[in-house]
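What follows is the residue order along each chain.
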Amino acid sequence: MSYPYQLMTQADYENAYRKSVENPEEFWAGVAENFVWRKKWDKVLEWNFTEPSVKWFIGGKLNITENCLDQWAQKQPDTPAIIWEPNNPNDPTITLTYKELLAKVIEFAVVLKNNGVEKGDRVCIYMPMVTELAIAMLACARIGAIHNIVFGGFSAKSIRDRIEDSQCTFVITADGVYRGAKPIDLKSAVDAALEGDTPVKKVIVLNHANIAISMKEGRDLWWHNEIASLQGKELKDPIEEMDAEDMLYILYTSGSTGKPKGVVHTTGGYMVYVTYSFVNVFQYKPGDIYFCTADIGWVTGHSYIVYGPLAAGATSLMFEGIPTYPDAGRFWDIVDKHKVNILYTAPTAIRSLMAFGLDPLKGKDLGSLKVIGSVGEPINLEAWQWYYDNVGKKNCPLVDTWWQTENGGILISTLAGVTPSIPTFATRPLPGIQPVLVDANGKELEGNNVAGNLCIKFPWPSMLRTTYGDHERCRLNYFATYPGNYFSGDGALRDENGNYRITGRVDDVINVSGHRIGTAEVESAINVQDSVVESAVVGYPHDIKGQALYAFVILDGNISEADALAKINTAVNKEIGHFARPDKIQFVKGLPKTRSGKIMRRILRKIAEGEMNNLGDTTTLLNPEVVEEIKNHRLS
Ligand code: WTA
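Everything numeric in this text was worked out from a predicted model, so none of it was measured. (Residues numbered from 1 in each chain as written. Predicted model: local features only at pLDDT ≥ 70, side-chain atom pairs only at ≥ 80, totals over all residues. Heavy atoms only, no water.)

(A) Quick look at the environment of Glu625. Tracing the backbone through its elements, the reader meets Glu625 in helix α18 (residues 625–632). As for Glu625 and Gly590, which are separated by 35 residues in sequence, their C-alpha atoms are 9.0 Å apart. (Helix = DSSP H or I, 4+ residues; strand = E, 2+ residues; numbered from the N terminus.)

Below is the structure:
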């Protein structure tokens, strides 16, 4: 069994790719035919990258949840849609079939409606990795509300910023989350985020961890009470018909400047692309058990735990815990227990598990695995080889999938077993994706064996449409640097066979354990401290996290370094979240600056990386003397 749009051989891929470039509209219309539309589109594509304006399947009407749920509840009602594995291996697994998941989504959609949520409203979701998170997002999509999911590791301040920026009127959360030995409170962060004036009218709270929390009268409602109030009543399905270009969700992500941006994804094109890429990259076959270890709080979870797999009628395994609890064999236990066929994880998880050696793998049957995948950052050769040899047992294709929040879906990747895997290479673009490499002046570097800034020159169905509330920011960030192209912010090289290798960010965004962090955000969290004069944050290579943050900070002299350190750590926790805390904080007397007063990050980066003898020309600096001082006190 396969899907009508599934590419089975390398020749299929080459053919599809050629067609997708020669006639993109015909190509994507052919894929889109396989979905459930209430009304077919009038026109496939309209676009320009100057405004920018991109529209796919214009005039098409649909509801994405009919594709993710109703069609499968009809065709395969008893197939598991979601298998949920709890944090604690002794707690019971939950399985929801397509029929059950559809019923739960309709029920919760009714709850949302009864509480006043309307089509177009923005709903903030701040939840653990539980089935109710998937139910909440699908219920929003069912009634046309726009979800804005905030990863559970973000602080109250980050939740507040996101709620304000997108004017969310509802919040869905839980009392707490299990990650490792003891439950962690979530609700208090929401309470703190909503202090003072806020557009939020109601908060629906799931009791998940039995933590004592406070409920605000008139604002907070328990999920279970809301569901209980529906029992015995005839429910009218509140499904809305959506336009292909109606907003599906907003997801905030970090860039090199300012606050995080609300990336906007719309309905029709997103659905088509995430499903097409899911099926083809992982070579999903009906009946396979697919396990993506990402958190739904990030785009990988949106596209490849929920929307892509469900729209393909797949069985998606969700896991609440962490890879090292109760021990470093947890992933392998899950693969063994559920006979997982496809595993999609991140290099940082691989590296952290590598550090425990091979013992945690002993006695675990990984024979069910057919495909293994990686996402979030470049995968180094050692991690690639370890994953391929010890997890894939040298007979599972490893797909290194390159993409971004803004892309919606995987753009460059091997198609498992169909096109060749090459260690540390994402390899070839998916059909419909036209990557180009440009030099610093925006000149396209043609031919092979070249390296440059990675851009995409033609639209694809799941690309971002705007940044919420600020279209100009979208233009400036992604479309103005190299006019005529979408600029990813990543660097890449293309080898002699046209395979791409992603070399990492070329801007001030750092991937720490696969979490995208803008150095500007961390600097502003540090700089708000009274005792801080100025700071600069750069990335440096880290064995497990891939990259970590190194902060250089100037103090005003009225505080001890120990106190400053504690204050800075607290400030980053509070402003962003614990995952954004710098690993190293060096107090310095000055920061290297150009004559026009700009911090020379290049020099700081080199020092952080330990490349002290290779700093280039520092004589043109305003203050060359600070460089020696910083070098002498570098933290190793
Ligand atoms: C990086 C995650 C190398 C890249 C889906 C990108 C990768 C950023 C890969 C996006 C990969 C993601 N190889 N680098 N296979 N996948 N990246 O928005 O720097 O959280 O720009 O999306 O992660 O991170 P985001």
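Next comes the rest of the description.
(B) Spatial organisation of unusual backbone geometry. A cis amide bond links Glu51 to the next residue, Pro52, at an omega of -10°. By the secondary structure assignment, Pro52 is in the loop between β1 (43–48) and β2 (53–58). The omega torsion across Tyr325 and Pro326 is -5°, close enough to zero to call that bond cis. Structurally, the position occupied by Pro326 is in the loop between β17 (315–319) and α11 (330–338). Of note in this structure, Phe57 is not a glycine but carries a positive phi near 55°. Checked against the element boundaries, Phe57 lands in strand β2. Despite not being glycine, Ser513 has its phi angle at roughly 50°, a positive value. Along the chain, Ser513 turns up in the loop between β26 (509–512) and β27 (515–518). Of the residues examined, Ser513 reaches a relative accessible area of 22% and is grouped as partly exposed. (Buried < 20%, exposed > 50% of the residue type's maximum accessible area, 1.4 Å probe, protein only.)

(C) Spotlight on the site of the ligand. Around the ligand lies a shell of 17 residues, among which Asp400, Thr401, Thr405, Asp490 and Arg516 are the nearest. Here a nitrogen atom of the ligand and a side-chain polar atom of Asp400 are 2.7 Å apart. Side-chain polar atom of Asn511 to an oxygen atom of the ligand: 3.1 Å apart, as the coordinates give it. Elements with a contribution of two residues or more to the shell around the ligand: α10 (299–311), β20 (398–401) and β25 (500–505). Taken together, the residues of the shell around the ligand break down into six nonpolar, six polar and five charged. (Near = heavy atom within 4 Å. Polar contact = N/O pair within 3.5 Å; in protein donor to acceptor, adjacent residues only side chain to side chain. Nonpolar A, V, L, I, M, F, W, Y, C, P; charged D, E, K, R; others polar.)

(D) The layout of surface pockets, seen in detail. Here the second largest pocket is characterised by a volume of approximately 360 Å³. Forming the walls of the second largest pocket are 22 residues, and the residues nearest its centre are Ile94, Val130, Thr131, Glu132 and His208. Mapped onto the lining of the second largest pocket, the elements with two or more residues apiece are β5 (94–97), α4 (98–114), α5 (131–143) and α8 (223–228). Of the residues that constitute the lining of the second largest pocket, the class distribution is twelve nonpolar, five polar and five charged. (1 Å grid on protein atoms, 1.4 Å probe; cavity = no way out; pocket = protein on both sides within 12 Å on 5 of 7 lines; lining within 4 Å. Points joined across faces, edges and corners; volume = space filled by probe spheres on them.)

(E) Structural view of the pairing of β26. Side-chain alternation along β26 places Val509 and Asn511 on one buried face and Ile510 and Val512 on a second face that is also buried. Here four bridges tie β26 to β27, and the two strands are oriented antiparallel to one another. Residue Ile510 lies in a different strand from β27, and its bridge partner there is Ile517. With antiparallel pairing between neighbouring strands as the criterion, β26 and β27 make up a hairpin whose turn holds two residues, including Ser513 at a positive phi of roughly 50°. (Pairing = 2+ DSSP bridges.)

(F) Representation of the side chain of His147. Checked against the element boundaries, His147 lands in strand β7 (residues 146–149). At 2.8 Å, the side chain of His147 and the side chain of Tyr307 are in polar contact. If near-sequence neighbours (up to four positions away) are discounted, His147 is found in contact with Val123, Ile125, Met137, Cys140, Leu248, Tyr249, Ile250, His302 and Tyr307. (Contact = heavy atoms within 4.5 Å.)

(G) Representation of helix α6 (residues 156–166) within the structure. Every buried residue belonging to α6 is among Ala156, Ser158, Ile159, Arg162, Ile163 and Ser166, and all of these are buried. End-on view of α6: buried residues confined to an arc of 165°, all on one side of the axis. The inward-facing, buried residues of α6 contact β6 (122–126), β7, β8 (170–174), α7 (187–193), β14 (247–253) and α16 (561–575). In the segment just after α6, Gln167 is the residue with positive phi, at about 50°. (Arc of directions from axis to C-beta.)

(H) Highlighting α16. In this model α16 runs 21 Å from its N-terminal to its C-terminal C-alpha over 15 residues, within 8% of the 21 Å that 1.5 Å per residue would give. Buried residues of α16: Ala564, Ile568, Asn569, Ala571 and Val572, and no others. Angular distribution of buried residues about the axis of α16 spans 160°; they occupy a single face of the element. Turned more than 90 degrees from where α16 packs its buried face, Ala562 and Lys574 sit exposed. Where the residues of α16 are buried, they touch α15 (519–527), β28 (532–542), β29 (546–555) and β30 (584–587). (Expected span 1.5 Å × (residues − 1).)

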